[in-house]
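Observations on the three-dimensional arrangement
So the chains spell out like this:
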Amino acid sequence: MSSDGKVITANVVNTDTALRNSDIFTVINRISSDIASCDIRIGEPFKTVVDQPNNLISRYNFWQAVISQMCLAGNAYVVIKRNSQGIPERLEQVTNSQVTITLEDYSKDITYTVNWNDERGQKDYKSQDMLHFRLFVSGQETSKLVGLSPLDSLIPELNIQDYSHKMSMAMLKSAIAPSYTLTIPQGILDDEAKENIRNSFEKANTGENAGKAIVLDQGLQLAPLQINPDIAKLISNTTFSQTQIAKAFGISDSYLNGQGDQQSSVNMMRSLFIDSLNPYIKSVESEMRMKFGVPVKLDIESAVDIDNSGLINRIVQLTGSVKGSTPVLSAEQAREILKDKQVFPDNILDMKGGETNDTSNDGSTSEQITGTS
């Protein structure tokens, strides 16, 4: 919207339309996908329901949806259904629009009223039966118990990006930027004369004549049409908005603009990304630990180290196989770690001869961890 030439930004960013922005989609897809890929370490009987929340959706897509909702709205709600012994046996996500929160008393509890929009109607749940994942709690009077979305901080940036895209589309659709202008020194011409000159010029320089030398009548001037460089820069420059979006979600903007940090190694970039996921991981771990009453740990390495190369490199260093490194792990301990992580088939790690055992010149036995890697 505009008023008297001034840009007026919107008050909110609609979560339903936010994912239509490719930069926001990329950020949320990357965060939610990686966290959903994590191995959630929790003891039984909770492990079963965490690994298979319900029969309607897979484990990966369930947690991907939960994290996506938390990123978009700042809050994600999952109802816990327990059996007669109080053991969780089913998890079901509900959207933010279905939930109403009532604070009974600070010394009592929070009630979550869920409108299921089906035959179950409207039901109340105590806090122990609701996983309420909050991304960021500001502590303000109106948001002491609910999270805030990073989208709330991106209203100006997203509006600039939206106006830039709309301006680009308008220019392309309206074709208001022809390549050249013809100037005629004969003064003011009527529309018919202008049309004849334009058609004559196009006929002489298109079709079979395209690419040939242009011949102009004396006095006729041909000049390329240029767009105001400031406007062109605003239209084409999306780096600012990408940087702001990445900053709001706490990750490197190299994941959006496709330009990695030239000064950083792949391992350093991966380490920085893992660190950036910490607020999202802690939000999940702390809430599940509080409601289930048992330790919970999300193994992010299982998500970002797909080929186990990072684990293998660390083990190689810890076994002293790298020149200048001090041995911390024995070969047997390294083998157990690799076996526990299922890096290699069991029959390879359990071999007692061949390439897994070798005798050095001094008669000692040296496990070929590096060779196995």
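For the structure, check the block above.
Here the structure is a predicted model, which is why all the values come from computation and not from measurement. (Residues numbered from 1 in each chain as written. Predicted model: local features only at pLDDT ≥ 70, side-chain atom pairs only at ≥ 80, totals over all residues. Heavy atoms only, no water.)

1. Section: the overall build of the protein chain
Of regular secondary structure, the protein chain possesses 16 helices and 14 strands. Put simply, the protein chain has 373 residues, and 34% of those count as buried. If you take every contact in the protein chain between residues at least 6 apart in sequence, the share linking residues at least 24 apart comes to 58%. For the protein chain, the computed accessible surface area is about 22900 Å², with 51% contributed by carbon and sulfur atoms. (Helix = DSSP H or I, 4+ residues; strand = E, 2+ residues; numbered from the N terminus. Buried < 20%, exposed > 50% of the residue type's maximum accessible area, 1.4 Å probe, protein only. Contact = heavy atoms within 4.5 Å. Areas by Shrake-Rupley, 256 points an atom, 1.4 Å probe, with all protein chains shown as cover.)

2. Observations regarding a nonpolar patch on the surface
A cluster of nonpolar side chains, contributed by Leu182, Ile214 and Leu216, occupies part of the molecular surface with about 210 Å² of accessible area. Under the relative-accessibility criterion, Ile214 is labelled partly exposed at 44%. (Patch = residues over 30% accessible without salt bridge, like charges linked within 9 Å, V, L, I, M, F, W, Y side chains within 5 Å. Salt bridge = Lys/Arg side-chain N within 4 Å of Asp/Glu carboxyl O.)

3. Quick notes on the environment of Leu158
Mapped onto the elements of the fold, Leu158 is located in helix H5 (residues 155-174). For the pair Leu158 and Ser241, spaced 83 residues apart in sequence, the C-alpha separation works out to 6.8 Å.

4. So, the packing of helix H2 (residues 22-36) against helix H4 (residues 59-73)
For the pair H2 and H4, the least separation of the axes is 8 Å and the interaxial angle reads 135 degrees. Relative to H4, the element H2 lies oblique. Considering only the axes of H2 and H4, their crossing is right-handed. Judged by residue contacts, Ile28, Asn29, Ile31, Ser32, Ser33, Ile35 and Ala36 of H2 engage Arg59, Tyr60, Trp63, Gln64, Ile67, Ser68, Cys71 and Leu72 from H4. (Axes fitted to C-alpha atoms, helices over the stretch in contact; angles between N-to-C directions. Parallel < 35°, antiparallel > 145°, perpendicular 65-115°, else oblique. Left-handed = near helix turned anticlockwise from the far one by under 90°.)

5. Quick notes on the packing of helix H13 (residues 309-318) against helix H14 (residues 331-340)
Remark: H13 packs on H14, axes separated minimally by 10 Å, with the N-to-C direction vectors making an angle of 170 degrees. The orientation of H13 with respect to H14, classified from their angle, is roughly antiparallel. Here Leu311, Ile312 and Ile315 of H13 come into contact with H14, specifically with Ala334, Ile337 and Leu338. Split into classes, the residues belonging to the contact of H13 with H14 amount to six nonpolar, no polar and no charged. (Nonpolar A, V, L, I, M, F, W, Y, C, P; charged D, E, K, R; others polar.)

6. What to know about unusual backbone geometry
In this model, Glu44 is joined to Pro45 through a cis peptide bond whose omega is 10 degrees. With respect to the helices and strands, the residue Pro45 is situated in the loop between strand E3 (39-41) and helix H3 (46-51).

7. Thoughts on helix H11 (residues 278-292)
Taking 1.5 Å of rise per residue, 15 residues should cover 21 Å, and H11 covers 21 Å from first to last C-alpha, within 8% of that figure. Residues Tyr280, Ile281, Ser283, Val284, Glu285, Glu287, Met288, Lys291 and Phe292 constitute the buried set of H11. (Expected span 1.5 Å × (residues − 1).)

8. Topic: the side chain of Arg59
Position of Arg59 relative to the elements: it lies in helix H4. Engagement of the side chain of Arg59 in a polar contact is seen with the backbone oxygen of Ala36, the distance being 2.8 Å. When residues no more than four places from it in sequence are discounted, the contact partners of Arg59 are Ala36, Cys38, Asp39, Ile40, Val50, Asp51, Gln52 and Pro53. (Polar contact = N/O pair within 3.5 Å; in protein donor to acceptor, adjacent residues only side chain to side chain.)

9. A few points about the pairing of strand E8 (residues 122-126)
Inspection of the sheet shows strand E7 (residues 110-115) paired to E8 by five bridges, in the antiparallel sense. Each residue of the ladder has a partner; that of Tyr112, found in E8, is Tyr125. (Pairing = 2+ DSSP bridges.)

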